[in-house]
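# Remarks on the overall topology
Here's the letter readout for the chains.
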Amino acid sequence: MKLNLANKLTLLRVLFIPFFVFCLLNGMYLTAFILFALASITDWLDGYVARKYNMITDLGKFLDPLADKILVISALVCFIEVFAVLRFPGWAVILIIAREFIVSGFRLAVVSKDNKAVIAADSWGKIKTAATMLTVCSFLALLVFYTHIPQYLKWYDINIYLLYICTALTVYSGFTMIWKNRKLFGE
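First, a word on scope: everything that follows refers to the structure included in this document. Computed from a predicted model, the values in this text were never measured in an experiment. (Residues numbered from 1 in each chain as written. Predicted model: local features only at pLDDT ≥ 70, side-chain atom pairs only at ≥ 80, totals over all residues. Heavy atoms only, no water.)

## Topic: the side chain of R107
Heads up, the rule is: By the criteria applied, helices consist of DSSP H or I runs no shorter than four residues and strands consist of E runs no shorter than two, each listed in order from the N terminus. The criterion used for residue contact is that any of the two residues' heavy atoms lie within 4.5 Å.
Its place among the elements puts R107 in helix α4 (residues 90–113). Once residues within four sequence positions are removed from consideration, R107 is found in contact with P65, K69, I119, A120 and A121.

## Details of the nonpolar core
The condition is simple: Among buried residues, those of type Ala, Val, Leu, Ile, Met, Phe, Trp, Tyr and Cys that are joined through side-chain atoms within 4.5 Å constitute a nonpolar core. Under the scheme applied here, a residue whose accessible area is under 20% of the maximum for its type counts as buried, over 50% as exposed, and between as partly exposed, the area being computed with a 1.4 Å probe on protein chains only.
Membership of the largest hydrophobic core comes to 34 residues, with the highest contact counts inside it found for F20, L24, F36, L76, F79, F88 and L140. Those elements giving two or more residues to this core turn out to be α1 (5–25), α2 (29–52), α3 (58–82), α4, α5 (123–146) and α6 (156–180). At eight residues, the largest contribution of residues to this core is made by α5. Not counting the four nearest positions on each side in its chain, L24 is found in contact with Y29, A32, A75, C78, F79, V82, L140 and L143.

## Details of the packing of aromatic side chains
Rules: Only rings of Phe, Tyr and Trp enter the pairing, Trp through its six-membered ring, and a pair is recorded when the two centres are within 6.5 Å. The plane angle decides the type: under 30 degrees is stacked, over 60 is edge-to-face, the rest tilted. By definition, being over a ring means that NZ of Lys or CZ of Arg is both within 6 Å of the ring centre and within 35 degrees of the ring normal.
Under the defined criterion, the tally for this structure stands at 14 aromatic pairs. Taking the centre distance of 5.3 Å and the plane angle of 45 degrees together, the rings of F83 and Y156 count as tilted. With F83 in the loop between α3 and α4 and Y156 in helix α6, the pair connects residues that are 73 residues apart, well separated along the chain. Side by side, F83 and Y156 carry an identical accessibility label, which is buried. When the ring centre of W179 is taken as origin, the NZ or CZ atom of R182, which lies over that ring, is 3.9 Å away.

## What to know about the pattern of salt bridges
Quick note on the threshold: When a carboxyl oxygen of Asp or Glu lies within 4 Å of a side-chain nitrogen of Lys or Arg, that pair is called a salt bridge.
Considering all chains together, one arrives at eight salt bridges under this definition. As a salt-bridge pair, D64 and R13 come within 2.4 Å of each other at their nearest N and O atoms. On the criterion of sequence distance, the pair formed by D64 in helix α3 and R13 in helix α1 is long-range, its members being 51 residues apart. A salt bridge links K128 to E100, with the shortest nitrogen-to-oxygen separation between them at 3.1 Å. In this pair, K128 sits in helix α5 while E100 sits in helix α4, placing the two residues 28 residues apart along the sequence. In terms of burial, K128 and E100 fall into one category: buried. Here the salt bridges do not stand alone but share partners, grouping R13, D43, D46, D64 and D68 into one network.

## Some points on the packing of α3 against α4
For the record, the criterion: Geometry is summarised by axes, namely lines fitted to C-alpha atoms with helices restricted to the contacting stretch, and by angles between N-to-C directions that run from 0 to 180 degrees. An angle below 35 degrees is treated as roughly parallel, one above 145 as roughly antiparallel, one from 65 to 115 as roughly perpendicular, and anything else as oblique. Each crossing gets its hand from how the near helix is turned against the far one by less than a right angle, where anticlockwise is left-handed and clockwise is right-handed.
One way to put it is that α3 packs onto α4 with a least axis distance of 10 Å and a crossing angle of 160 degrees. What the angle tells us is that α3 and α4 run roughly antiparallel. Between α3 and α4 lies a crossing of left-handed hand. Contacts from P65, K69, I73, L76, V77 and I80 of α3 reach α4 at G90, V93, I96, I97, R99, E100, S104 and R107.

## Observations concerning the environment of A168
Within the fold, A168 resides in helix α6. For the pair formed by A168 and A92, sequence separation is 76 residues and the distance between their alpha carbons is 9.1 Å.

## Section: the environment of F106
Tracing the backbone through its elements, the reader meets F106 in helix α4. By relative accessible area, which is 9% here, F106 ends up buried. With 78 residues separating them along the chain, F106 and L184 place their C-alpha atoms 9.7 Å apart.

## Some details on the packing of α2 against α3
With their axes 11 Å apart at the nearest point, α2 and α3 run at an angle of 160 degrees to one another. By the angle between their axes, α2 is roughly antiparallel relative to α3. Seen along the crossing, α2 lies across α3 with a hand that is left-handed. Each of Y29, F36, A39, D43 and D46 in α2 lies in contact with α3, whose residues at this interface are D64, D68, L71, A75 and V82.

This is the structure:
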């Protein structure tokens with residue numbers, strides 16, 4: 001199978017993930033921040049390239065959201081360990097992961113009923129993804145600055161509020177996506 005540029009960018013994002021996790025869990029916060037930021041940029045870039053140059057493929061429709069989910073979930077699970085002393089809210093991570101499983105399961109169920117049915121991300125899904133990536137970047141920036149300037153730890157609470165907003169958007173976007181596409185699922 002020949003991959004187009006958009007799909008190669010998505011695969012590049014997937015390849016960043018183990019290096020990002022390694023750096024995050026080993027205190028290399030600046031490198032982790034850079035890797036996550038680059039991966040986030042490839043998310044925007046692969047979509048832009050796919051739409052502009054008509055490179056939208058079934059592989060891309062499957063792989064792009066999967067890459068996003070793995071990247072974000074990896075970051076959030078790592079944050080539970082990295083911020084353990086500050087009691088990172090694991091319940092928010094559970095809600096975000098649960099939404100991703102539910103939406104993915106819904107998409108699989110729809111595809112199993114109709115091979116040609118593809119549920120693309122709607123505007124709420126895109127807002128959720130952008131908010132989540134910005135929230136993760138904000139936590140990573142906090143880690144970068146905290147290792148050099150301890151006063152930045154006070155920004156942890158602001159980041160927690162960002163995480164709550166992100167969690168609410170995640171749950172809402174999952175609900176709206178399923179509600180809008182409920183007829184595809186059928187009885």
